[in-house]
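Below are the chains, spelled out letter by letter.
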Amino acid sequence: MTLNPPTAHTLTLATIHRAGPFTTLVTIQGWYHEQILAPVQTETLLEVTGRSRADLPGERVWVMARLDATVPAGLALRGWSLDEPTTPRHTQAEPPGSSADTWAGTLANTVPATRWAA
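Residues numbered from 1 in each chain as written. Predicted model: local features only at pLDDT ≥ 70, side-chain atom pairs only at ≥ 80, totals over all residues. Heavy atoms only, no water.

Draft legend 1. Local environment of the overall build of the chain. In terms of helices and strands, the chain carries one helix and seven strands. Ordered by position in the sequence, the α and β elements of the chain form the string β-β-β-α-β-β-β-β. By element, 56% of the accessible surface of the chain is carried by carbon and sulfur atoms, the whole surface being about 7500 Å². (Helix = DSSP H or I, 4+ residues; strand = E, 2+ residues; numbered from the N terminus. Areas by Shrake-Rupley, 256 points an atom, 1.4 Å probe, with all protein chains shown as cover.)

Below is the structure:
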C-alpha cells in the first residue's frame, strides 16, 4: 500500500537559468514559487529549443511536471515543448504499485521505494 501516491502531471512553464555542458538548471512555475532550481539534461533542451547552449538562459519552455514533488527528481519532467501543447493540462496518475516510481513514507519522511529495497 502506498501512503503518498504520485499525482498527475501538470502542464507548466520552465524558465532556464543556467546552461552547462551536461546539466541545465531551470525553475518550474508552480513548484516552490520558482525558488528552487531543478536539473535537466542540456541535450534535451537543445533539441527542444533548437538554440545554442549560450542562448538558453532566459528561455521559457513548456513541460509536464508533478508539482507536488518535494525534490527535483520527483518532478518527473517530460513532454518538453517550445510552444504550448494542445494536449490536456493534466494526465492521469499511475495506479499505486504500477511502477518503480511508487513512494512510501509520510510528508515529513518521503522515501522512494524500489523493487530492490530490502
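Draft legend 2. How the structure looks around helix α1 (residues 42-49). Looking at α1, one finds that the buried residues are Thr-42, Leu-45 and Thr-49. The buried residues of α1 all sit within an arc of 65° when viewed along its axis, so they share a single face. Of the residues in α1, the exposed ones pointing more than 90 degrees away from the buried face are Glu-43 and Glu-47. Turning to α1, the residues buried within the fold contact β1 (10-19), β2 (23-28), β3 (38-41), β4 (60-65) and β5 (78-81). Residue Gly-50 follows α1 closely and has a positive phi angle near 75°. (Buried < 20%, exposed > 50% of the residue type's maximum accessible area, 1.4 Å probe, protein only. Arc of directions from axis to C-beta. Contact = heavy atoms within 4.5 Å.)

Draft legend 3. Up close: the packing of aromatic side chains. The full count for this structure, using the stated rule, is one aromatic pair. Consider the rings of Trp-31 and Tyr-32, whose centres lie 5.1 Å apart with planes at 75°: the pair is edge-to-face. (Phe/Tyr/Trp six-rings, centres within 6.5 Å; stacked < 30°, edge-to-face > 60°.)

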